[in-house]
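So the chains spell out like this:
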Amino acid sequence: MSVNCRVKALGEKFVELSKNFTGLDQRELLEKYIGLVWKGYENLYERLVAKWRISLDNLKPATRFVAENRARILETKSLILKMLKNCFEKVCNLFDVSDLDVDVVLFVGTMNVDGFIDIFEDREALFIGYEKASLHYPKFLEVFLCHEITHIVHMKILSKNLNLPLDKLFNEVLDWWFTAALIWEGLATVASKVLVPGFSDEEYLFCNMPNCGNYKWFEENRDFLLRGAKELLDAKDFEVFRNYFMGGSHPEDISSPRSGYYIGYLVVKEAVEKIGFPRFIRLHPDDWRRTVLSVVEQRKQC
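Rules behind the numbers
Residues numbered from 1 in each chain as written. Predicted model: local features only at pLDDT ≥ 70, side-chain atom pairs only at ≥ 80, totals over all residues. Heavy atoms only, no water. Pairing = 2+ DSSP bridges. Helix = DSSP H or I, 4+ residues; strand = E, 2+ residues; numbered from the N terminus. Axes fitted to C-alpha atoms, helices over the stretch in contact; angles between N-to-C directions. Contact = heavy atoms within 4.5 Å. Core = buried A, V, L, I, M, F, W, Y, C linked by side-chain atoms within 4.5 Å. Buried < 20%, exposed > 50% of the residue type's maximum accessible area, 1.4 Å probe, protein only. Phe/Tyr/Trp six-rings, centres within 6.5 Å; stacked < 30°, edge-to-face > 60°. Lys NZ or Arg CZ within 6 Å of the ring centre and 35° of its normal.

1. Brief notes about the sheet that holds strand β4 (residues 123–129)
A sheet is described by the order of its strands in space; here four strands give the open sequence β1-β2-β4-β3, paired in mixed fashion. Edge strands, defined here as strands with exactly one partner in the open sheet, are β1 (2–9) and β3 (115–120). Across the sheet, the mean angle from the axis of one strand to that of its neighbour is 30°, orientation sign disregarded. Here strand β2 (residues 99–107) runs beside β4; their pairing, made up of five bridges, is parallel. Looking at β4, one finds that F107 is bridged to G129. Seen against the sheet, helix α7 (residues 141–162) touches β2, β3 and β4 and runs at an angle of roughly 165° to β4.

2. A few points about the nonpolar core
Membership of the largest hydrophobic core comes to 113 residues, with the highest contact counts inside it found for W38 and F178. Element by element, the count of residues in this core is highest for α7, at 11 residues. Once you skip the residues sitting within four places of it in the chain, W38 turns out to touch L10, Y33, L44, Y45, L48, I54, F107 and V108.

3. Here's the deal with the packing of aromatic side chains
Two measures describe an aromatic ring pair: the distance that separates the ring centres and the angle between the ring planes. Counted under the stated rule, the structure contains 27 aromatic pairs. A centroid spacing of 5.2 Å and a plane angle of 25° characterise the contact between F218 and Y262, whose relative ring orientation is stacked. With a gap of 44 residues between them, F218 in helix α11 (residues 215–220) and Y262 in helix α14 (residues 259–275) connect regions that are remote in the sequence. An aromatic cluster of at least three residues, connected via ring pairs, comprises F14, F21, Y33, W38, Y41, Y45, F107, F116, F120 and F127. Seen from the ring of W177, K236 lies directly overhead, with NZ or CZ sitting 5.3 Å from the centre.

Shown next as structure tokens:
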């Protein structure tokens, strides 16, 4: 197996000096933030703001958090750097990927997101906001990394098999598609559980994090959630996506956010038991809806 992982780390100086910035007004603080985190990558910064990956409204409280937790945040960055290669190799082994060429960008964000995929220097890259990743306790960081790495490995397989670059993959295939999100997040959750055993399902679903779901409620309402998911399989709507996959948001009849992660976990768990991880990750998007429907229908008959 060959894993070529290029890592770019941004923002360490901002973390080190953050205690000097907590009293600045928004304009001065933004100038420090851009200058110490995104210097030379201003266009990337603008794109991430436009995509809500960075929230200027959160900049002041996020800076206070960074200032108060500098040691932990820098330790998190160091631990991620130490763990990355091993985590990539674990994920590649699980999915029978022999060669991987990948970019990883570690950056200081505004406590919005801890992991996502975007373009860095004209290549698809895994972005990790290590200030927010510091909320995961050290032993759990490996779970988080395997979850996020599964996403970029899945994306690279899809991009290659469909002959589509990242922007077209999102715009033409994923496009806030409810079924795609179930497959995407469900696979990352199940993979991380297999690769890093020893935690509870609640933890693998990140329900222990703020605004990330009530696992007990999910379990008590499993059949209700699966029935509801069946009606949304063709939905390509940002509001539906937001209600099921974004922290703090949920439909009126579902009392907990991010229920889509739980539904996806149930679906993928059963599917990979039948066909295995290597085959599942290579499923064509045309097969995703049928895969989800098969599990939902089977559960309805039980």
